[in-house]
Amino acid sequence: MNDAKTIVILGGGVGGVVTATTLRKKLPRRHQVIIVDRERDHLFAPSLLWLMTGQRSARKIRRPLDRLTKKGIEVTHGEIERIEPEARRVRLADRSPGDDRGSVRDLDADYLVVSLGAELTPETIPGLAEGGHNFYTLAGAESLKDALEDFNGGRIVVLTATPAYKCPAAPYEAAMLINDYCRKRGIGDRTQVDLYAAEPGPMGVTGPEVSAGVRQMVEDKGIAYHPEHQVAEVDARVRWITFDNGATADFDVLAYVPPHCAPRVVSESGLVDDSGWIPVDRNTLDTRFPGVYAIGDVTGIPLKMGKPLPMAGVFAEREAEVVAQNIARDITGKGEPASYDGFGECFVETGGGKAGFGRGNFYAEPTPQVKLYKANRRWHLGKVLFEKNWFRRWF
Ligand SMILES: Cc1cc2nc3c(=O)[nH]c(=O)nc-3n(C[C@H](O)[C@H](O)[C@H](O)COP(=O)(O)OP(=O)(O)OC[C@H]3O[C@@H](n4cnc5c(N)ncnc54)[C@H](O)[C@@H]3O)c2cc1C
């Protein structure tokens, strides 16, 4: 009897790599573990913040996905053009989006794991892409680094284009790291850093105490914080931002977090609900389709307090471990069922070789229970170590 199963994992980011590697360790070799991504490299996104201030190179923060083949994982590169969750079938194209040439093939799965992350859509805000640097991408973080090197004083604006985005700490860290970078370069006295946020406060899901704590960290650096400023348009020619509330701001350098949405292939698949994201069982990450799981940024997990679980790598990683365990158990009959408990943590880089740290239970009810630890050198070293261990552990 041929009982060999095929597990197809969509996305070679955080969730995908962790799912594939964990599954490969748990499953006998006759079962096939396939990971699919359009990119050749896995990027460690948290380090983009260090790249933009010249503390990392692109080479240091990415690894070829093909390295996973050494572990017995099949790595397939291509554009995922269609997902049929009912049939657990995926259409894969060896071509770039919109290109009619190139080959197309279908992959059939016994188990399908969707970890395709969030798509970034700066083009939905007039002038944003032309006027600023999208530091949520490698290219944008690199162009921001160049702009900061050329910068000799004036106003730097860090902006969040919508209230919900991955890694809610990142723009706050970015503002503090940029501020620190200018100080170190000796141009601090002629530099003003402003942070315009669409949201009412930092890291809102973590509760008022943590939010106030992060705001304090930012303001202690002399960064001017302007919450509830929804960008309407950017005039790149005269470097001018207009907000929905009528406010305006000029800038010399603009670093922004773009709007996010589910990748088009996901929203067209029938997997998403009205929220625009994939609804899942918050403990098992099952979708409504048998044998199909979704993890990480592409999911929408509502919390009792009215906001969804934030998008962050820490959640994608833990959800991936749960899904891998449960698929392996389903196939082999071994081990205990796993359940994601909502725990997570994050570092908050404040510059000057220091970081704060937030940790807690995001599934706690009625509100998440998260504690923020004061910034010190230890947490910063913890983040450096986390980066090192990430590559050691998964690549
Ligand atoms: C600047 C920055 C700092 C961050 N810092 C932190 C942090 O300190 N801590 C933390 O927990 N999180 C952090 N994050 C967030 C974290 O990186 C994401 O939450 C995490 O990567 C989500 O994992 P994922 O697997 O859901 O998606 P991703 O890691 O985004 O992976 C999705 C993959 O799917 C691929 N893909 C998408 N569509 C297609 C398609 N149609 N065809 C083929 N391939 C496709 C993409 O190429 C990508 O490789 C940060 C993010 C940024 C941008």
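Presented here is a report on the structure given in the accompanying data block. (Residues numbered from 1 in each chain as written. Predicted model: local features only at pLDDT ≥ 70, side-chain atom pairs only at ≥ 80, totals over all residues. Heavy atoms only, no water.)

1. A short note on empty space enclosed by the protein
Spelled out, the test is: Cavity and pocket criteria rest on a 1 Å grid covering protein atoms alone: a 1.4 Å probe that fits but cannot get out defines a cavity, protein on both sides within 12 Å along at least 5 of 7 lines defines an open pocket, and an atom within 4 Å of a point defines a lining residue. Grid points are joined across faces, edges and corners, and a volume is the space filled by probe spheres set on the points. Only Asp, Glu, Lys and Arg are considered charged in this grouping, and only Ala, Val, Leu, Ile, Met, Phe, Trp, Tyr, Cys and Pro are considered nonpolar; every other residue, Gly among them, is considered polar.
Applying the stated criterion across every chain, the model contains 1 cavity of 30 Å³ or more. Volume-wise, the largest cavity comes out at about 60 Å³. The residue inventory of the lining of the largest cavity, partitioned by class, reads 6 nonpolar, 2 polar and 2 charged.

2. Quick notes on the sheet that holds strand β25 (residues 369-376)
Quick note on the threshold: Whether two strands pair comes down to DSSP finding at least two bridges between them. Only DSSP runs of H or I covering at least 4 residues are called helices, and only runs of E covering at least 2 are called strands; the numbering of each starts at the N terminus. Note on method: axes are straight lines fitted to C-alpha atoms, helices fitted across the in-contact stretch only, with angles between N-to-C directions ranging 0 to 180 degrees.
If you walk across this open sheet you meet the 3 strands as β23-β24-β25, and the pairing is antiparallel. Edge positions in the sheet fall to β23 (343-351) and β25, since each has one partner strand and no second. The mean inter-strand angle of the sheet, taken between neighbouring strand axes irrespective of direction, is 15°. Note: β23 against strand β24 (residues 354-361), 8 bridges, orientation antiparallel.

3. What about the site of the ligand?
Which entries qualify depends on this criterion: Definition of nearness: a residue and a molecule or strand are near each other if at least one heavy atom of the residue lies within 4 Å of the molecule or strand. N or O atoms closer than or at 3.5 Å make up a polar contact, with two conditions inside protein: a donor-capable atom paired with an acceptor-capable one, and, for residues adjacent in sequence, both atoms drawn from side chains. Working definition of accessibility: Shrake-Rupley area with a 1.4 Å probe, residue cover restricted to the visible protein chains.
Around the ligand, 26 residues are found, and the nearest of them are Gly15, Asp37, Ser115, Asp297 and Val314. With respect to the ligand, the backbone of aspartate 297 contributes an N or O atom lying 2.9 Å from an oxygen atom. Burial of the ligand by the surrounding chains reaches 91%, relative to a free accessible area of 1000 Å². At the level of secondary structure, the elements contributing two or more residues to the shell around the ligand comprise α1 (14-26), β6 (79-84) and α8 (313-332). With 3 residues, the single largest contributor to the shell around the ligand is α8. Taken together, the residues of the shell around the ligand sort by class into 12 nonpolar, 8 polar and 6 charged.

Treat this as a map of the structure, not an account of what it does.
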